[in-house]
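# Structural overview for review
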Amino acid sequence: IVGMSDVMPYASRRFCDLAENDLSAYEAVFTGKLIGAVTDFSPDIIHSHHLWILSSLARETISDLPIVTTCHGSDLRQFTNCDHLQGKVLNGCRKIDAFMALSHAQKADIMNLYGIDGNRIHVVGAGFDAALFSQVTKPHPEPVQIVYAGKLSRAKGVPWMLRALSKIDSPGWVLHLIGSASGPEEAECLRCADRLGHRVVVHGSLIQKEVAEIMKQSHVFVLPSFYEGLALVVLEALACGCRIVVTDLPGISEVFGGVQSNYISRVIPPRLREVDPPFAEDEAAFEADLAGAITEQLNRALAEPQIDLSSMRNQIDSFSWGSVFQRVEGVYLQTVR
């Protein structure tokens with residue numbers, strides 16, 4: 001399976017490594033599937049995901065139906081990494097009828113990278129299940145319960161988070177590490193976790209209901225990612241009443257809508273070489289800043305386990321499934337007219 005990220009939670013190949021015959025096979029199989037789906041379902045509109053090869057192929061293969069495409073961010077990174085595939089992607093993607101972006105920052109990236117008119121790009125965000133992710137009374141914070149949920153990868157900043165936690169002895173804490181990956185990056189993350197002993201509970205991949213239950217019982221959520229389109233998991237954690245420690249990225253800042261609160265700490269990420277790897281000279285400062293922000297929220301959780309979400313309620317609700325679907329449906333209706 002070819003992954004939209006270079007590190008996936010299963011065995012995968014990278015687009016940048018595909019030979020010409022691999023790409024030809026990929027396109028041939030999906031062309032057949034696309035034609036078969038249109039024949040079977042007779043849709044009024046096609047909704048594809050990722051501004052990448054398959055969406056371009058859909059537009060080139062099916063010319064008589066409107067197509068809308070959601071950008072998720074990993075497609076933009078592939079576009080930057082795989083310059084030899086950019087022409088193949090642009091041929092069809094520029095002809096797509098409408099685009100859905102996760103944030104205004106992502107909309108600007110689409111315009112700049114793909115040369116697409118901003119009037120065709122609609123910011124709809126991403127949605128979470130508000131019935132599943134909701135606030136309950138937090139447990140006694142001794143020790144303070146920390147949670148991370150996402151891929152166990154370097155791009156998510158996991159090794160740096162674990163090294164930052166190794167510097168924190170007080171107040172007492174336990175980290176719930178949720179997620180998986182594959183290959184050497186997952187192995188590196190698990191080695192870092194193992195060094196922290198009983199203070200880290202490695203859960204692996206969990207279903208959404210299980211993630212929500214852990215978040216509801218946790219006090220602090222940490223996401224030290226180097227890149228995010230829109231960090232839906234931050235909204236899920238926030239809706240569960242978690243304090244937040246997060247890297248200060250454009251897609252993440254848009255989630256908070258300018259709201260300032262003592263239960264949100266933003267850490268400046270390190271500079272990146274090319275797309276993912278941080279500059280070595282920035283790593284120590286990033287770890288120290290991360291440790292400081294986590295310690296600050298641990299102490300606040302110890303003093304006040306429960307947080308008041310009233311200042312963020314409108315922002316959180318705007319990313320619920322119902323609110324996001326209204327925006328998506330609006331794009332559908334506008335496109336099929």
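Quick caveat: nothing in here was measured; it's all calculated off a predicted structure.

Cut-off values and rules
Residues numbered from 1 in each chain as written. Predicted model: local features only at pLDDT ≥ 70, side-chain atom pairs only at ≥ 80, totals over all residues. Heavy atoms only, no water. Helix = DSSP H or I, 4+ residues; strand = E, 2+ residues; numbered from the N terminus. Rg over C-alpha atoms; globule rule 2.2 N^0.38 Å. Buried < 20%, exposed > 50% of the residue type's maximum accessible area, 1.4 Å probe, protein only. Contact = heavy atoms within 4.5 Å. Areas by Shrake-Rupley, 256 points an atom, 1.4 Å probe, with all protein chains shown as cover. Lys, Arg positive; Asp, Glu negative; His and termini not counted. Charge placed at Lys NZ, Arg CZ, Asp CG, Glu CD. Core = buried A, V, L, I, M, F, W, Y, C linked by side-chain atoms within 4.5 Å. Axes fitted to C-alpha atoms, helices over the stretch in contact; angles between N-to-C directions. Parallel < 35°, antiparallel > 145°, perpendicular 65-115°, else oblique. Left-handed = near helix turned anticlockwise from the far one by under 90°. Pairing = 2+ DSSP bridges. Right-handed = clockwise from strand over helix to strand, strands pointing away.

## Examining the overall build of the chain
- The helix and strand tally for the chain stands at 13 helices and 10 strands.
- The C-alpha atoms of the chain give a radius of gyration of 21 Å, which matches the 20 Å a tight globule of 337 residues would have.
- For the chain, the spread of C-alpha atoms along the principal axes amounts to about 60 × 40 × 35 Å.
- Taking all 337 residues of the chain together, the buried fraction comes to 51%.
- For the chain, the proportion of contacts with a sequence separation of at least 24, taken over those separated by at least 6, is 70%.
- For the chain, the accessible surface area stands at approximately 14900 Å², while carbon and sulfur atoms represent 52% of it.
- Of note, the chain has its 29 positive side-chain charges centred 1 Å away from the centre of its 39 negative side-chain charges.

## Here's the deal with the nonpolar core
- The biggest cluster of nonpolar side chains holds 70 residues, and the ones touching the most others in it are Met161, Leu175, Met215, Phe221 and Phe256.
- By residue number, the principal contributor to this core is helix α11 (residues 280–303), which donates 7 residues.
- With 30 residues, the next largest nonpolar core counts Leu18, Ala58, Leu65 and Ile110 among its residues.

## A short note on the packing of helix α6 (residues 158–165) against α11
- Where α6 contacts α11, the axes come no closer than 8 Å and their chain directions differ by 60 degrees. As far as their axial angle goes, α11 and α6 are oblique. The two elements α6 and α11 cross, and the hand of that crossing is right-handed. Contacts between α6 and α11 involve Trp160, Met161, Arg163, Ala164 and Leu165 on the former and, on the latter, Glu283, Phe286, Glu287, Leu290, Ala291 and Ile294.

## Description of the sheet that holds strand β3 (residues 98–101)
- Spatially, 4 strands are ordered β1-β2-β3-β4 in an open sheet, and the strand pairing comes out parallel. The strands lining the two open edges of the sheet, one partner per strand, are β1 (46–49) and β4 (121–123). On average, each strand axis in the sheet is tilted by 25 degrees relative to the strand beside it, whichever way the strands run.
- Looking at chain direction, β3 and β4 are connected through 3 bridges and run parallel. Paired with Met100 across the bridge in β4 is His122.

## Points about the pairing of strand β2 (residues 67–70)
- Of the two faces of β2, the one lined by Ile67 and Thr69 and the one lined by Val68 and Thr70 are each fully buried.
- Two elements, β1 and β2, share 4 bridges in a ladder whose sense is parallel. Bridged to Ser48 within β2 is Thr69.
- In this region the chain leaves β1, passes through helix α2 (residues 53–61) and returns to the parallel neighbour β2; the handedness of that crossover is right-handed.
- Across 3 bridges, β2 lies against β3 in parallel orientation. Bridge assignment links Thr70 to a residue of β3, and that residue is Met100.

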